[in-house]
Structure formats: structure tokens, C-alpha cells
Protein chains: 2
Amino acid sequence: MEDGKYATSFEDIQAAAARIEPYVNRTPVMTCSTIDKLAGRQLFFKCETFQKTGAFKFRGACNSVFVLGDEEAKRGVVTHSSGNHAAALALAAQLRGIPAHIVVPRTTPQCKVEAVVGYGGEVHFCEPTMEAREAACAELQARTGAVLVPPYNYGPVMAGQGTIAIEFLQQVHDLDVLVVPVSGGGMISGIALAAKAIKPGIKVVAAEPGGLNRSPDVALAKMAGWLLPCARTETIADGLQGRLGDLTWPVVRDLVDGVVVVEEQQIVGAMRLIMERMKLVVEPSGAVGLAAVLSPGWAACAATADCGRVGVVLCGGNLDLAPRGFWEGWLPGPPAPRPEEGERGERGQAD
Amino acid sequence: MEDGKYATSFEDIQAAAARIEPYVNRTPVMTCSTIDKLAGRQLFFKCETFQKTGAFKFRGACNSVFVLGDEEAKRGVVTHSSGNHAAALALAAQLRGIPAHIVVPRTTPQCKVEAVVGYGGEVHFCEPTMEAREAACAELQARTGAVLVPPYNYGPVMAGQGTIAIEFLQQVHDLDVLVVPVSGGGMISGIALAAKAIKPGIKVVAAEPGGLNRSPDVALAKMAGWLLPCARTETIADGLQGRLGDLTWPVVRDLVDGVVVVEEQQIVGAMRLIMERMKLVVEPSGAVGLAAVLSPGWAACAATADCGRVGVVLCGGNLDLAPRGFWEGWLPGPPAPRPEEGERGERGQAD
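Because the structure is predicted, anything quoted here is derived from the model rather than measured.

Undergrad: What's the story with the overall build of chain A in this structure? I'm lost.
TA: The secondary structure content of chain A amounts to 15 helices and 10 strands. Computed over its C-alpha atoms, the radius of gyration of chain A comes to 21 Å, within 12% of the 20 Å expected for a compact globule of 351 residues. Across its three principal axes, chain A shows a C-alpha extent of roughly 75 × 55 × 40 Å. Burial statistics for chain A: of 351 residues in total, 54% are counted as buried. In chain A, once contacts between residues fewer than 6 apart in sequence are set aside, the share between residues at least 24 apart is 72%. Carbon and sulfur atoms form 52% of the exposed surface of chain A, whose accessible area is close to 14700 Å². Put simply, chain A has 32 plus and 38 minus side-chain charges, and the middle of one group is 5 Å from the middle of the other.

So, in C-alpha cells, the structure goes:
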């Protein structure tokens, strides 16, 4: 592999691994005999659900923050995101003692805003359009001199995510294939670069949500050989709504051996298996890799033929149970007395 | 500690550890800095949620099955239970290749019956009364010669559960206290015997559901010095509805240093922390230990003073999400068309 061909390299990923080692969790690899039987092969799950902030995103954010020189770092970092990348960047900046400016659409759920604030991030609200988000970021960069850290289309982020492959192949030597959920391609490009440098024969397969409401643009781009414009991004795997960028696409184009497209119902089924049989809390995006291995598309994917030992990245566990009413109704108790019409006003004030 | 004083001993527990080692999972110990901050001390969680069959019960069941001589074993084992002990005994018997007769009340949820059947257990339905359960067991014993394996009040079961302490203290050497959920006392008596033999200064504290609908009989018995009759056993921690027996009580009386009684709402709060922050699926019973550490009763318990390093047993992860409607509504989609009255019959046949 030519050096400098892509936005990051195996050397960058090795340097990232050393750089972030004091801060990240070396996440465990788990197995489940019941799921092995269902899949008809041996599966090894790299549990990034146990990564700090609950998702693999902390690796890339951490590398992006700690790669900065002291002078540059002092001015802080900035990103626009309402998800796992925002929380990850906030925590990484907090660990370095520098400001993290997070531009957040006004429509973001309160719990996600609280996560960012909890890690010391400075939240800046904006209108919920991509233009408003980018404008707010540009304004903050201009005003503070903070460094922009995009969620995936960025060398240091790709390098940070690639450290997953170094650890995984240290923990399980003889994997035939790695299955990696994909949207913007930051994780799979880092993993493909590292895995193929360590073990040239290994296959890297992308697991992509498709179904009715999300066009599988990684699968389409790989078939076409160029990056088609795609629009529909609605999936329950809300962590996988990104789109390949100009830095991640070349790696995906050259080093990813196959794409398995999964339907929404298969993602729910995989989540259910992981939660019920492995006893792990996983978000929909995190279950997409297992969904791929269990889907009809797996058998149809040439890259997965004869793959008996499969590494699956469980990439995140930030499942918010509260909106699903999960925490209600545990304690039945007597029904609350219905207030008379006259009482209601007073209660309203007292509450 | 006098040998033969109790239904089991440290020597029995060591023998059990060697006996079941080929079959049980050596479960990991996990930590969580967020929860440490909340608790104001360092917590170490022994994740029996990852034990085979999803709960610690497999240890005791496995020891009870493999301690039998070949002739005796051939006739099988029998128990009445609708919970984790039933599934555990079925799997242990399957591994030894002997029959497991499980007497199950007719009212048991289908999913629990399926778990027993899935592990090869022979299910025998009975009326949902304790008399009917015991009569059905006695009849099966008489007819088949199977050995009765009670869920907790039984030496080999107590010894099997005690192996948790051997592993835990190998994994984390300098624990000040172990916090163990209690109902029938099988787990805590085994753990107390083993832990105090290995590390005489260690404290063992019981975490017991109390609140409105369950009388905390371990706490009451420890205060009174004798086993008071108790009746109310309703708690969301449905794995903790047992009652101390004549074999477990003497160990609890002599070796348990304190009891912390927790309310139902504290159990739900602890479950939520474990699922949201640790990303582990846990059943209510499994969360009772953490609930105790975070409850006001912890500070009031003399045995927990100056305990900075706390071992908590997360004893089970068999949380059934389906009855809570958890798996519904992920995929909104258009509402299904309402069939006309005439169509309904045809659809019913076609499905």
C-alpha cells in the first residue's frame, strides 16, 4: 500500500493507538454459543459498547484532540453533531483540558444535550438545517480559532477508529473477516487500512442499513465505482445516517471486499438477540453487523464465502430506553386519585 | 470455622469450583467511573449476567448434577421452579446427558417454559400452589428415582454458588466488602463461607428487597436472632421471592455482617444505571446489590463503614423485554389496511 495515498495510513493508526492508549478502554471480545449456532459459524464480538461515552466514536475524537500541538489545542475544538461524536469530542477535550464547542440543532433530544454538557462541552444551539449547522461552526472557528473535528471525513478520526482493528486482531488472531457497520465510512476505512496491513488475507465487509427508507449508498457506490448522490437517510440505526465523504470513499472503494445490505426488521432482530442472549445493551447501529451475518445477503456476498471465523464490531450501546416508556409501569401501586375540577388549578401551581 | 457445622464448607466450595470449571463461564468483573462517583467509592461488579443460562444459578445446578455418582445420576434430577434455577438445572443435566424433570406451575409465562424446553428439560405442569408443586415432585421422585435438587436450601447448591467468591477474590484481591442479593440465601451463604475463609477480614452484606409488598425477612431474622415466619413476597425482583431455609439461615446468622433493605424504586433506579451507564442487561434481582450501595440504608449499616472497595454481584440478566412492548413500534411504516369483514376469514387462512 502506497503511503500518502489516503487521508490516513497504518503508521498513523499505530501512532494513534499509542497516543490514545492512556484514555480509551481496551474493550473486551465476547462470544455467544446460541448465536454461533444460528449463524452456522464462529462469531467474535468487539464490544465498543463498553468504550468510554458508550461508542467507538471516542477513539477518533480522542486522537483528533491529542494529536494537536499545545498552542493549537489551547483554542479548543468544534463540531456539529447531536450524537455519539459530540459526546465523544466533549469528553476528549475535557481530558485534555481544552474547550469543546458543540453546535447542536434545536430539535436535539434533551438527553443528548445533557450528555454533551455532562462531559463539559459548550453547547451552541442552531436551526435544524445543515446550512445553519455549518454556518454556526464557521462562525465559532473564526471567533475562537478552534479546530474543526468532523465526525468521519477526517484523517485523525479515521486513524482513531482504525485502532479497533489493531486491538481486535491482538485479541483474536485468526479471523477470516471483519464485519463493520458503515455510514460515513470513518470506522470502516480505518479498520480496513489497519486490518489489511496486519493480516493481508483478511476480508473486510461493510454492513449497511438499506430497506425502504434509506438508500444503501455504500453498496451502490461500490457497484458503480463512483460516489452517487443519495438522499434518503431514514433508518432506525440513527447512528448510521452519515454519507461517505471524499476522504473515506477512496479507502472503501479500494479495500472493502463486500457490502451486505440489511433491512430494518433484521436490525431489530439482531438487537433482540444481542440483548436477550448476550445480555448487552446495544443501539440499533451497533446491531447492524450481526444483522448482516444473519441476513440472506450474507450468503450472497462473495467476500464472505468460506468465512468460518467472523469478527463483528458492536459499535455502540447508547440506547435511550426512556422514550420507549421502558422505565414506567414497574411499580403499579394504587391509581392516583382523580382530582375534582376545582382542585386541578391548585395542584397545577403546587407541582 | 468448624467443619461440618453448616450444610456446606469451604472445602466443598473448592471441590465444587474444580468440578464445575469445565462447564461454567469465568464471568468478567466490570467497573464504571460514573457509578463510582455517585457511590463515592470504588465498585467492582461480578457479572453473573454473563453466566450460562444468564444467571449465577447455573453454578449450583451444575455442582448438584456433577457431584452425583454415575448410578444415581442416571435416574435424573427433579425440581419445581419456574425461574432461573429450572433453566440452570435443565442445562446442567443436558451437559451430563441425564434427564431433568421440571415441575412448572400452569401459570408460568410461555417464554420461561420455552427456556427449560430449549435446554432439554422435561416439563411437568401442575396447579399453581406450593402443595401441588411439592406433590408433583414427590410423585416424580417416587416414579423415576430422580434426585431432588432444591433451588437454594441444599448443600451442593450453596457450594456451587460459593464459587463466585473464589473467582471474584482472584480477580480483585483487596475488596473490603461483598454485597450480595438475598432471598433464599443459597448464594450469600456459599459466598460468605468462601470469602471469609480466603480473606477473614472481608465483610459480607446482604441486599434485600423490602418496601411495601415484601417483608424483609433476612433483616428481621438477623435482628431477632431467629427465623420469623413471613408471608409477603411480592417484589419486582422476581428472582428474590424465596425465603431463608434451615440450611442457609445458620450461615446467614453467623457470617453475614449486615443487611441493607432496598425499596422497589431504588431497584428500578439501579437497573437504569446499569443498563444506561454500564450497557449491561440486568434483571431487577440483579440490580439489588447496586441499589443497596446507593440507598440511605448503606450509610446506616455498620458493616459498611470505611468500605472503600466494594464488590457487587450482578446476579442475573434474564430480563424479558417482550411483555413490556419493547420490541414493538420500532418500524412505524404505514398502518396496515383494515380488512373488510368478508376478507378477514380468507386472510386468517392465508396467514
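That was the structure; now back to the text.
Undergrad: Can you walk me through the interface of chain A and chain B in this structure?
TA: A common way to express how large an interface is: the accessible area buried when the components associate. Each partner contributes to the interface: chain A provides 32 residues, whereas chain B provides 32 residues. For the chain A and chain B pair, buried surface summed over both sides reaches about 2900 Å², with 70% attributable to carbon and sulfur atoms. Our count for the contact surface shared by chain A and chain B stands at 0 salt bridges. Put simply, chain A and chain B have 6 residue pairs in polar contact (both at pLDDT 80 or more) between them. In terms of residues, the side of chain A that touches chain B owes the most to one element, helix H12 (residues 264-277) of chain A, which gives 8 residues.

Undergrad: Honestly, the side chain of Ser285(B) in this entry has me stumped. Any pointers?
TA: All names here are of chain B. Within the fold, Ser-285 resides in the loop between helix H12 (264-277) and helix H13 (288-294). Ser-285 sits in the buried class, given a relative accessible area of 3%. The contact partners of Ser-285, leaving out residues within four places of it in the chain, are Pro-181, Ala-237, Asp-238, Gly-239, Leu-240 and Cys-315.

Undergrad: I keep staring at the packing of aromatic side chains and nothing clicks. Help me out?
TA: Geometrically, a pair of aromatic rings is defined through the distance of the ring centres and the angle of the planes. All chains considered together, the criterion is met by 5 aromatic pairs over all chains. Measuring from ring centre to ring centre gives 5.9 Å for Phe326(A) and Phe326(B), while their planes differ by 80 degrees; the resulting arrangement is edge-to-face. A residue pair is termed interchain when its members come from two chains, as with Phe326(A) in the loop between strand E10 (309-314) and helix H15 (341-350) and Phe326(B) in the loop between strand E10 (309-314) and helix H15 (341-350). Judged by relative accessible area, Phe326(A) falls into the buried class, the value being 2%. Measuring from centroid to centroid gives 4.7 Å for Phe326(B) and Trp327(B), while their planes differ by 90 degrees, and the two rings are edge-to-face. Each member of the aromatic cluster is reached from another via a ring pair, and the members are Phe326(A), Trp327(A), Phe326(B) and Trp327(B).

Undergrad: Would you take a moment to explain the pattern of salt bridges for this structure?
TA: Opposite charge on two side chains makes pairing possible when the charged atoms of those side chains draw close. Taken as a whole and assessed by the stated rule, the structure comprises 24 salt bridges over all chains. Residues Lys46(B) and Glu167(B) are paired through a salt bridge, measuring 2.6 Å at the closest nitrogen-oxygen approach. Placement of the pair is Lys46(B) in strand E2 (residues 42-47) and Glu167(B) in helix H8 (residues 155-171), with a sequence separation of 121 residues. With its nearest N and O atoms 2.7 Å apart, the salt bridge here joins Asp70(B) to Arg96(B). Separated by 26 residues along the polypeptide, Asp70(B) in helix H4 (residues 70-74) and Arg96(B) in helix H5 (residues 84-96) bring together distant segments of the chain. For Asp70(B), a relative accessible area of 60% puts it in the exposed group. Taken together, the shared-partner salt bridges connect Lys46(A), Glu48(A), Arg59(A) and Glu167(A) into one network.

Undergrad: Could you clarify how one ought to interpret the pairing of E10(B) in this entry?
TA: On a regular strand, one side chain projects to one face of the sheet and the next to the other, so that they alternate. All names here are of chain B. When you tally the buried positions in E10, you get 5 out of 6 residues, the bulk of the element. Note that E2 and E10 share 6 bridges and pair parallel. Following the sheet pairing, Phe-45 is matched in E10 by Val-312. Pairing between strand E7 (residues 177-181) and E10: 3 bridges, direction parallel. Within E10, the residue paired with Val-179 across the bridge is Val-312.

Undergrad: Just to check I follow, could you spell out helix H13 (residues 284-294) of chain A for this structure?
TA: Residues that lie three or four places apart on an α-helix share one face, since the helix turns once every 3.6 residues. Of all the 11 residues making up H13(A), 10 are buried; the element is thus mostly covered by neighbouring parts of the structure. Among all positions of H13(A), only Pro284(A), Ser285(A), Gly286(A), Ala287(A), Val288(A), Gly289(A), Leu290(A), Ala291(A), Ala292(A) and Val293(A) are buried.

Undergrad: What is the right way to look at the relation of the copies chain A and chain B in this model?
TA: Of the transformation superimposing chain A on chain B, the axial component is 0.0 Å and the angular component is 180 degrees, with the fit at an RMSD of 0.0 Å. Look at the turn and shift together and you get a two-fold axis relating the two. Identified as the residue of chain A closest to the rotation axis by C-alpha distance is Leu280(A), at 2.5 Å. Looking at chain A, 100% of its interface residues are interface residues in chain B too, so the copies touch through the same face.

Undergrad: Explain the packing of helix H3 (residues 57-66) of chain A against helix H8 (residues 155-171) of chain A to me, please; I cannot follow it from the model alone.
TA: Helix packing for two helices is described by the angle between their axes and how far apart those axes are. Residues and elements named next belong to chain A. It is the contact of H3 with H8, at a shortest axis distance of 7 Å, that shows an interaxial angle of 130 degrees. When the interaxial angle is binned, H3 and H8 end up oblique. Crossing angle aside, the handedness with which H3 passes H8 is right-handed. Contacts from Lys-57, Arg-59, Gly-60, Asn-63 and Ser-64 of H3 reach H8 at Pro-156, Val-157, Ala-159, Gly-160, Gln-161, Thr-163, Ile-164 and Glu-167. Each residue belonging to the contact of H3 with H8 can be placed in one class, and the counts come to 4 nonpolar, 6 polar and 3 charged.

Undergrad: Would you mind going over the nonpolar core with me for this structure?
TA: Proteins that are soluble and globular tend to have nonpolar side chains buried together. Counting residues in each nonpolar core, the largest one holds 92 residues, and the members touching the most others are Met275(A), Leu280(A), Met275(B) and Leu280(B). Ignoring anything within four residues of it in the chain, the contact list for Leu280(B) reads Phe50(A), Lys279(A), Leu280(A), Val281(A), Met30(B), Cys47(B), Phe50(B), Ile274(B), Met275(B) and Leu314(B).

Undergrad: Sorry if this is basic, but what is going on with the sheet that holds strand E8 (residues 203-209) of chain A here?
TA: Two pairing modes exist for strands in a sheet, parallel and antiparallel, and in both the strands are linked by backbone hydrogen bonds. Residue and element names in this part refer to chain A. The strand order across the open sheet formed by 6 strands is E1-E2-E10-E7-E8-E9, and the pairing between neighbours is mixed. Two strands lie at the open edges of the sheet, namely strand E1 (29-30) and strand E9 (258-262), each paired on one side alone. Taken strand by strand, H12 contacts E8, E9 and E10, and its axis lies near 90 degrees from that of E9.

Undergrad: So what exactly am I meant to see when it comes to the pairing of strand E4 (residues 100-105) of chain A here?
TA: Residues and elements named next belong to chain A. Within E4, 6 of the 6 residues are buried, which leaves the element mostly enclosed by the surrounding structure. Here E4 shows a buried face lined by Ala-100, Ile-102 and Val-104 and a second buried face lined by His-101, Val-103 and Pro-105. Pairing geometry for strand E3 (residues 77-80) and E4, over 4 bridges, is parallel. Directly across from Val-77, in E4, lies its bridge partner Ala-100.

Undergrad: I keep staring at the sheet that holds E4(A) and nothing clicks. Help me out?
TA: Residue and element names in this part refer to chain A. Spatially, 4 strands are ordered E5-E4-E3-E6 in an open sheet, and the strand pairing comes out parallel. Edge strands, defined here as strands with exactly one partner in the open sheet, are strand E5 (122-126) and strand E6 (147-148). Examined bridge by bridge, E3 and E6 share 2 bridges and lie parallel to one another. Bridging from a neighbouring strand, Val-77 pairs with Val-147 of E6. Running at roughly 145 degrees to E5, helix H6 (residues 110-118) makes contact with E4 and E5 of the sheet.

Undergrad: Whenever I open this one, the side chain of Lys46(B) confuses me. Can you help?
TA: Residue and element names in this part refer to chain B. You can call Lys-46 buried: its relative accessible area is 0%. Here the side chain of Lys-46 touches Gln-171 through a polar contact of 2.8 Å, side chain to side chain. Each residue touching Lys-46, except ones within four places of it in the same chain, is listed here: Thr-27, Pro-28, Val-29, Arg-59, Ile-164, Glu-167, Phe-168, Gln-171, Val-312, Val-313 and Leu-314.

Undergrad: Would you mind going over unusual backbone geometry with me for this structure?
TA: Peptide bonds are mostly trans, and most non-glycine residues show a negative phi. Residue and element names in this part refer to chain A. Positioned with a positive phi, Lys-279 is a non-glycine residue whose angle comes to about 65 degrees. Position of Lys-279 relative to the elements: it lies in the loop between H12 and H13. Lys-279 sits in the buried class, given a relative accessible area of 7%. Of note in the backbone geometry, Asp-306 takes a positive phi value of approximately 60 degrees without being a glycine. Relative accessible area serves as the criterion here: at 78%, Asp-306 is assigned to the exposed category.

Each value, and the rule that gives it
Residues numbered from 1 in each chain as written. Chains lettered and ligands numbered in written order. Predicted model: local features only at pLDDT ≥ 70, side-chain atom pairs only at ≥ 80, totals over all residues. Heavy atoms only, no water. Helix = DSSP H or I, 4+ residues; strand = E, 2+ residues; numbered from the N terminus. Rg over C-alpha atoms; globule rule 2.2 N^0.38 Å. Buried < 20%, exposed > 50% of the residue type's maximum accessible area, 1.4 Å probe, protein only. Contact = heavy atoms within 4.5 Å. Areas by Shrake-Rupley, 256 points an atom, 1.4 Å probe, with all protein chains shown as cover. Lys, Arg positive; Asp, Glu negative; His and termini not counted. Charge placed at Lys NZ, Arg CZ, Asp CG, Glu CD. Buried area = accessible area lost by both parts, 1.4 Å probe. Salt bridge = Lys/Arg side-chain N within 4 Å of Asp/Glu carboxyl O. Polar contact = N/O pair within 3.5 Å; in protein donor to acceptor, adjacent residues only side chain to side chain. Phe/Tyr/Trp six-rings, centres within 6.5 Å; stacked < 30°, edge-to-face > 60°. Pairing = 2+ DSSP bridges. Least-squares fit on C-alpha atoms with pLDDT ≥ 70 in both. Axes fitted to C-alpha atoms, helices over the stretch in contact; angles between N-to-C directions. Parallel < 35°, antiparallel > 145°, perpendicular 65-115°, else oblique. Left-handed = near helix turned anticlockwise from the far one by under 90°. Nonpolar A, V, L, I, M, F, W, Y, C, P; charged D, E, K, R; others polar. Core = buried A, V, L, I, M, F, W, Y, C linked by side-chain atoms within 4.5 Å.

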